[in-house]
Amino acid sequence: MHAIEGAECWFKDTVSIPVQDGHAVVHIDPTFAECCEPGSVLAQHAAVHGSDVRIAARVEGNRLHVSISPPATAIVTVTLAGLRRGYSGLRLPLCTREQYLNNLAFYARAHA
């Protein structure tokens, strides 16, 4: 699990799920779920390494549902994202033009 630096406070978790005959259902890690705003957790990305199978991944309650097509047995890696509990609807305020230019100058010096 890790936090994302940005305008909103997101947590992410990556899980690998064994899928048999094209389907799997697993419980979301309870610690991750407890840290996230209820109803905010979503399956952001899903992939099978080295394969071009189509993957459907969705969160329902505290469970992650994964399907692959054509039906097969594989390990699917899913990235889950959820808003930090208590921070739903909160965003960093927009920066001023001066702050924006200062940030650009800072990163320009860092990458010079």
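Just so it is clear, the model here is predicted, and its values are computed rather than measured. (Residues numbered from 1 in each chain as written. Predicted model: local features only at pLDDT ≥ 70, side-chain atom pairs only at ≥ 80, totals over all residues. Heavy atoms only, no water.)

**Student:** Explain the overall build of the chain to me, using residue names and the numbers behind them.
**Tutor:** Across its full length, the chain carries two helices and seven strands. Reading the helices (α) and strands (β) of the chain from amino to carboxyl end gives β-β-β-α-β-β-β-β-α. Its C-alpha radius of gyration of 18 Å places the chain more than 25% over the 13 Å reference for a compact globule of 112 residues. By principal-axis analysis of the C-alpha atoms, the chain measures approximately 55 × 35 × 20 Å. Looking at the chain as a whole, 21% of its 112 residues are labelled buried. Pairs at least 24 apart in sequence give 70% of the contacts found in the chain among residues at least 6 apart. As presented, the chain carries roughly 7800 Å² of accessible surface, and 55% of it is formed by carbon and sulfur atoms. (Helix = DSSP H or I, 4+ residues; strand = E, 2+ residues; numbered from the N terminus. Rg over C-alpha atoms; globule rule 2.2 N^0.38 Å. Buried < 20%, exposed > 50% of the residue type's maximum accessible area, 1.4 Å probe, protein only. Contact = heavy atoms within 4.5 Å. Areas by Shrake-Rupley, 256 points an atom, 1.4 Å probe, with all protein chains shown as cover.)

**Student:** Pulling in residues and values, what's your account of the side chain of T79?
**Tutor:** Its place among the elements puts T79 in strand β7 (residues 74-83). Contact partners of T79, with chain neighbours within four places excluded, come to K12, D13, T14, L42, A43, Q44 and H45.

**Student:** Break down the side chain of S40 for me, citing the residues and quoting the values.
**Tutor:** Among the secondary structure elements, S40 is positioned in the loop between α1 (30-35) and β4 (42-47). For S40, the contacting residues outside a window of four places in its chain are W10, A81, G82 and L83.

**Student:** Give me the sheet that holds strand β5 (residues 54-60): which residues, what numbers.
**Tutor:** Pairing in this open sheet of three strands is antiparallel, and the strands run β3-β6-β5 from one edge to the other. Sheet topology places β3 (23-27) and β5 at the edges, where each strand pairs with a single neighbour. Taking the axes of each pair of neighbouring strands and ignoring which way they run, one obtains an average angle of 15° across the sheet. (Pairing = 2+ DSSP bridges. Axes fitted to C-alpha atoms, helices over the stretch in contact; angles between N-to-C directions.)

**Student:** Account for the sheet that holds strand β1 (residues 2-4), naming residues and giving values.
**Tutor:** Across the sheet, which stays open at both edges, the four strands sit in the order β1-β2-β7-β4 with antiparallel pairing between neighbours. Edge positions in the sheet fall to β1 and β4, since each has one partner strand and no second. Adjacent strand axes in the sheet meet at a mean angle of 30°, parallel and antiparallel pairs treated alike. Note: strand β2 (residues 10-19) against β7, ten bridges, orientation antiparallel. Following the sheet pairing, S16 is matched in β7 by T77.

**Student:** Lay out a nonpolar patch on the surface in plain terms, naming residues and giving numbers.
**Tutor:** Together, Y100, L101 and L104 make up an exposed nonpolar region whose accessible area comes to about 280 Å². Tracing the sequence through the fold places L104 in helix α2 (residues 97-110). (Patch = residues over 30% accessible without salt bridge, like charges linked within 9 Å, V, L, I, M, F, W, Y side chains within 5 Å. Salt bridge = Lys/Arg side-chain N within 4 Å of Asp/Glu carboxyl O.)

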